[in-house]
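Summary of structural features
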Amino acid sequence: MDSADQLSAPSVTTKAPAKPAAPAAVVETSSDPPVNKMRRRIVWATVAGSLITFFLMFVRFFLPRSILEPSPLFRIGSPNDYALGVDTKWQQQYRIWVTRTSDRLFVIYAVCTHLGCTPDWKASENKFKCPCHGSGYDSEGVNFEGPAPRPMDRAKVELDAEGQIVVDIGKLYKWPKGERNEFDDDGSFIRV
Ligand code: FES
């Protein structure tokens, strides 16, 4: 090439297109301290526990109580299992005493008719004595001293097909002062 061509021809330089910049590497920054994770778990456990408790209370509220309460009906053996006098063997379990006389067997509901305490049977004195305010009852549960207003109630009793005594403390016979005595009503005693 001569010098004239060198002056007239522009010099061409070819550049390769620039490559797009690579995205910056994503740096993991969620470095939650372990103490926060633990706190979060405790909060969730507390919330879940509270919700479960409220749910159970809700369900319990609508359940009929009769399912959970003990039955007022129970068997206490045969009349031949009881000697004359007062038998206290069912006091703890059923809150009753069984009294047998020369011709009857009946069940006294062991609740003082003054304010509802449980009297004690004093065998040596042949009487029930209430520890709360001193009411006294004879061996048939009839009050004779202290503030009790009437004899202790008696539970319904009957014999089943096998000759076992069935007691129903859901049905009580009473003798309120000045009113009719229910202690001779059918169901208030078994003839022996
Ligand atoms: S409760 Fe028995 S005397 Fe008062």
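Rules of the game
Residues numbered from 1 in each chain as written. Predicted model: local features only at pLDDT ≥ 70, side-chain atom pairs only at ≥ 80, totals over all residues. Heavy atoms only, no water. Helix = DSSP H or I, 4+ residues; strand = E, 2+ residues; numbered from the N terminus. Contact = heavy atoms within 4.5 Å. Areas by Shrake-Rupley, 256 points an atom, 1.4 Å probe, with all protein chains shown as cover. Expected span 1.5 Å × (residues − 1). Buried < 20%, exposed > 50% of the residue type's maximum accessible area, 1.4 Å probe, protein only. Pairing = 2+ DSSP bridges. Phe/Tyr/Trp six-rings, centres within 6.5 Å; stacked < 30°, edge-to-face > 60°. Lys NZ or Arg CZ within 6 Å of the ring centre and 35° of its normal. Core = buried A, V, L, I, M, F, W, Y, C linked by side-chain atoms within 4.5 Å. Patch = residues over 30% accessible without salt bridge, like charges linked within 9 Å, V, L, I, M, F, W, Y side chains within 5 Å. Salt bridge = Lys/Arg side-chain N within 4 Å of Asp/Glu carboxyl O.

With that settled, the discussion passes to the overall build of the chain. Of the regular secondary structure elements, the chain holds three helices and 11 strands. What you see in the chain, going N to C, is helices and strands ordered as α-α-β-β-α-β-β-β-β-β-β-β-β-β. In the chain, of all internal contacts separated by at least 6 residues, the share reaching a separation of at least 24 is 40%. Within the structure as shown, the chain displays about 13600 Å² of accessible surface, and the carbon and sulfur contribution to it stands at 58%.

Another point: helix H2 (residues 34–62). Here H2 contains 29 residues, and its C-alpha end-to-end distance of 43 Å stays within 8% of the 42 Å for a straight helix at 1.5 Å per residue. In terms of residue burial, H2 counts as a barely covered element, since only zero of its 29 residues are buried.

Judged from the two bridges that link them, strand E4 (residues 104–109) and strand E9 (residues 154–159) form a sheet pairing that is antiparallel. What sits directly across from Val107, in E9, is Ala155. Counting the residues in the hairpin turn of E9 and strand E10 (residues 165–173) gives five residues, including Gly163, whose phi is positive at 80 degrees.

Further remarks concern the packing of aromatic side chains. In this structure the tally under the stated criterion is five aromatic pairs. Between Trp90 and Tyr94, the ring centres sit 5.6 Å apart and the planes meet at 35 degrees, which makes this aromatic pair tilted. According to the relative accessible area criterion, Trp90 is buried, its value standing at 17%. With a centroid separation of 6.0 Å and an interplanar angle of 80 degrees, the aromatic rings of Trp175 and Phe183 are classed as edge-to-face. When its relative accessible area of 33% is taken as the criterion, Trp175 is described as partly exposed. Assessed through its relative accessible area of 4%, Phe183 is described here as buried. What links up through ring pairs into an aromatic cluster is the set Phe74, Trp90 and Tyr94. The ring of Phe183 carries Arg154 above its face, with NZ or CZ at 3.9 Å from the centroid. Directly above the ring of Tyr173 sits Lys171, whose terminal nitrogen or CZ lies 4.8 Å from the centroid.

What follows deals with the nonpolar core. In this structure, Ile76, Tyr82, Val98, Val107, Ile165 and Val167 are the most contacted members of the largest nonpolar core, which totals 14 residues. Considering every element that reaches this core, the biggest residue donor is E10, with three residues. Not counting the four nearest positions on each side in its chain, Ile76 is found in contact with Tyr82, Trp90, Ile96, Val98, Val107, Ile165 and Val167. Ranked by size, the runner-up nonpolar core spans 12 residues in total, among them Ile108, Cys130, Ala148 and Phe189.

On to a nonpolar patch on the surface. A cluster of nonpolar side chains, namely Ile52, Phe55, Leu56, Phe58, Val59, Phe61 and Phe62, defines an oily patch on the protein surface of about 810 Å² accessible area. Following the sequence through the fold, Ile52 ends up in helix H2. Take Ile52: its relative accessible area is 52%, and that puts it in the exposed class.

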